[in-house]
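The lines below spell out each chain.
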Amino acid sequence: MADLKGKVAVVTGAARYRGIGRAIALRLARDGADVVVSARSAGGPVPAHESEMDWQGTSSLVTEIEALGRRALALDCDVTDRDQVSALIDGTLNAFGRLDIVVNNAGVPSGAGASPIISMDDGDWMRTVDVNLNGVYHVSKAGARAMIDAGNGGAIVNLSSTAGRVGMANYGAYSATKFAVIGLTQQMAAELAASGIRVNCICPGSTDTDMMDGTFRRVAGHVGTEFERIKKGVRRQVPLGRQGDVSEQAAAVAFLASDDASYITGQTLNVDGGLRMD
């Protein structure tokens, strides 16, 4: 396990129980960090299993983190809104007095798996760019400024996707924005290195989440087959023969956020069971 004692982290997009964001927040807390978790304010449909278990998004996650003996805070934040992002960073500093780690996990699938470019709604394209790319820009910019002001360095970890490694048909704006996150990671790494701020990225492959299940269902509907057939087909393509667990994505983030990765910046790590080896 990484040693993150004394560190303070912000994790965006952390509301879903089966999501990568929750797993990241819990792993950082287990490794010793105090964690601020954020997501857009409540509203809209939630997975049925969350309703059944009375899962309350980031507020429930705070309870889990505190049960691990770490301090935690939930702050609503739409990453496309600069004022809300500023409030997220200011709220972190006011509560904990420092910021050491930023994890840009917030993202939307935008019909991935069933959205050909020529028929994609322009509004969906713009919304996806706003969340998946501009959101990373806003949060990284505000977080890096806080780290530079403090003079203690820091780490930013962005989440791209294997769909950001190779163009994928019918993935609408998702694939394009995830490619862009990798480029932004490299640019920020070059610019922030002098301030002791490392910037890295992971590319999750197929991971067992509600978001991934949604993509499988869209693909199944688009090609006219069964959900389970698509899911099994993806597993067969992975050299390790299975989907990833959210904890495996979280472990990669925790490593890149820690001093164990002190000489690593500007890199993108595939966490995909060997599906891509580039």
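Below, the structure is looked at part by part. Just so we're clear, the structure is a prediction, and the values are computed from it rather than from any experiment.

Some words on the pattern of salt bridges
Tallied over the entire structure, the rule returns 13 salt bridges. Put simply, Arg16 and Glu50 hold a salt bridge, and the shortest N to O gap is 2.6 Å. Here Arg16 is found in the loop between β1 (8–11) and α1 (20–30), whereas its partner Glu50 is found in helix α2 (residues 48–52), with 34 residues between them in sequence. Residue Arg16 is classed as partly exposed on the basis of its relative accessible area of 32%. For Glu248, the salt bridge goes to Arg242, with nearest N and O atoms at 2.7 Å. Through salt bridges with shared partners, a single network forms among Arg18, Asp208, Asp210, Asp213 and Lys231.

Overview of the side chain of Asp100
Structurally, Asp100 can be placed in the loop between α4 (82–96) and β4 (101–104). In this structure Asp100 comes out as buried when scored by relative accessible area, which is 4%. With residues near it in sequence (within four places) discarded, Asp100 still touches Gly6, Lys7, Val8, Met147, Gly154 and Ala155.

A look at a nonpolar patch on the surface
On the surface, a nonpolar cluster with roughly 320 Å² of combined accessible area is contributed by Ile117, Trp125 and Met126. Residue position: Ile117 is located in the loop between β4 and α5 (122–150). The exposure class assigned to Ile117 is exposed, which follows from its relative accessible area of 53%.

Side note on the sheet that holds strand β2 (residues 34–39)
Two strands in a sheet stick together by hydrogen bonds in their backbones, pointing the same way (parallel) or opposite ways (antiparallel). If you walk across this open sheet you meet the seven strands as β3-β2-β1-β4-β5-β6-β7, and the pairing is parallel. Each edge of the open sheet is held by one strand with a lone partner, namely β3 (72–76) and β7 (268–271). Along the sheet, successive strands turn relative to each other by an average axial angle of 20 degrees, direction set aside. Strands β4, β5 (154–159) and β6 (197–204) of the sheet are contacted by α5, whose axis makes an angle of about 180 degrees with β4. Across the sheet, helix α6 (residues 172–192) touches β5, β6 and β7, and the angle it forms with β6 is around 160 degrees.

Rules of the game
- Residues numbered from 1 in each chain as written.
- Predicted model: local features only at pLDDT ≥ 70, side-chain atom pairs only at ≥ 80, totals over all residues.
- Heavy atoms only, no water.
- Salt bridge = Lys/Arg side-chain N within 4 Å of Asp/Glu carboxyl O.
- Helix = DSSP H or I, 4+ residues; strand = E, 2+ residues; numbered from the N terminus.
- Buried < 20%, exposed > 50% of the residue type's maximum accessible area, 1.4 Å probe, protein only.
- Contact = heavy atoms within 4.5 Å.
- Patch = residues over 30% accessible without salt bridge, like charges linked within 9 Å, V, L, I, M, F, W, Y side chains within 5 Å.
- Areas by Shrake-Rupley, 256 points an atom, 1.4 Å probe, with all protein chains shown as cover.
- Pairing = 2+ DSSP bridges.
- Axes fitted to C-alpha atoms, helices over the stretch in contact; angles between N-to-C directions.

Any link to function would need more than the numbers given here.
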